[in-house]
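Each chain, letter by letter, is given below.
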Amino acid sequence: MTREKLGKEAVAAALTGLDGWALAADGASIKRTFTFANFSEAFAFMTRVALAAEKMDHHPDWSNVYKTVDVTLNTHDAGGVTALDIDLAKKMNRFFGS
Ligand SMILES: C[C@H](O)[C@H](O)[C@H]1CNC2=NC(N)=NC(=O)C2=N1
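All values derive from a computational prediction rather than experimental measurement.

(A) Local environment of the nonpolar core. Counting 14 residues, the largest nonpolar core has Ile 30, Val 69, Val 71, Leu 73, Leu 88, Ala 89 and Met 92 as its most contacted members. When contributions to this core are tallied by element, the ones reaching two or more residues are strand 2 (30-35), helix 2 (39-56), strand 4 (68-73) and helix 3 (83-96). Among the elements that line this core, the one with the most residues is helix 3, at four residues. In this view, Val 71 contacts Lys 31, Arg 32, Phe 34, Pro 60, Trp 62 and Met 92; residues no more than four positions away in its chain are not counted.

Put into structure tokens, the structure is as follows:
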């Protein structure tokens, strides 16, 4: 069930409760940019997220440049956004503090 692709309305509804996240241009993923005080903070965040993601068996597409982490979430096998993406986005916001 968690890997079931969410419809447009369900994604839009979930995004209203997710600070900073938006639908990506492809319409099949959600994205957020996290900005930290420095590289150490950014990398500490990525480490926490990596451990949580591995536990979920659900992994972010992301990149890091200095103190910025750009994240895109989608569920590859569903070809869109699922509850797993929403859960991981919520965890990231908790780790980030918003
Ligand atoms: C076999 C394994 O469960 C899958 O490859 C998992 C791994 N991590 C994943 N991460 C993401 N973001 N999407 C997936 O569809 C996905 N699939």
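Let us keep going from here.
(B) Structural detail: the pairing of strand 4. Of the two faces of strand 4, only the one carrying Val 69, Val 71 and Leu 73 is buried; Thr 68, Asp 70 and Thr 72 on the other face are not. Sheet topology note: the strand 2/strand 4 ladder contains six bridges and is antiparallel. Bridge pairing links Phe 34 to Val 69 in strand 4.

(C) Up close: the sheet that holds strand 3 (residues 61-65). Strand order in this open sheet of four strands is 1-2-4-3, and the pairing throughout is antiparallel. Both edges of this open sheet fall to strand 1 (22-23) and strand 3, since each of them pairs with a single strand only. Strands in contact with helix 2 are strand 2, strand 3 and strand 4; relative to strand 4, the strand with the most contacts, it is inclined by about 25 degrees. Relative to strand 4, helix 3 is tilted by about 160 degrees, and along the sheet it contacts strand 2 and strand 4.

(D) Local environment of unusual backbone geometry. Although it is not a glycine, Asp 57 adopts a positive phi angle of roughly 55 degrees. Looking at where Asp 57 falls in the secondary structure, it is placed in the loop between helix 2 and strand 3. Judged by the 7 C-beta atoms lying within 10 Å of it, Asp 57 falls in the exposed class. One non-glycine residue, Tyr 66, adopts positive backbone phi at about 50 degrees.

(E) Broad picture of the packing of helix 2 against helix 3. Two elements in contact, helix 2 and helix 3, have axes separated by 10 Å at closest approach and are oriented at 150 degrees. Of the possible angle classes, the one that applies to helix 2 and helix 3 is roughly antiparallel. Once helix 2 is placed against helix 3, the crossing between them reads as right-handed. Residue-level contacts link Phe 45, Arg 48, Val 49, Ala 52, Ala 53 and Met 56 of helix 2 to Leu 84, Leu 88, Lys 91, Met 92, Phe 95 and Phe 96 of helix 3. Of the residues belonging to the contact of helix 2 with helix 3, the class tally is 10 nonpolar, no polar and two charged.

Parameters and conventions
- Residues numbered from 1 in each chain as written.
- Predicted model: local features only at pLDDT ≥ 70, side-chain atom pairs only at ≥ 80, totals over all residues.
- Core = buried A, V, L, I, M, F, W, Y, C linked by C-beta atoms within 7 Å.
- Buried ≥ 20, exposed ≤ 12 C-beta atoms within 10 Å, placed from the backbone.
- Helix = DSSP H or I, 4+ residues; strand = E, 2+ residues; numbered from the N terminus.
- Contact = placed C-beta atoms within 7 Å.
- Pairing = 2+ DSSP bridges.
- Axes fitted to C-alpha atoms, helices over the stretch in contact; angles between N-to-C directions.
- Parallel < 35°, antiparallel > 145°, perpendicular 65-115°, else oblique.
- Left-handed = near helix turned anticlockwise from the far one by under 90°.
- Nonpolar A, V, L, I, M, F, W, Y, C, P; charged D, E, K, R; others polar.

These results come straight from atomic positions and should not be treated as a statement about function.
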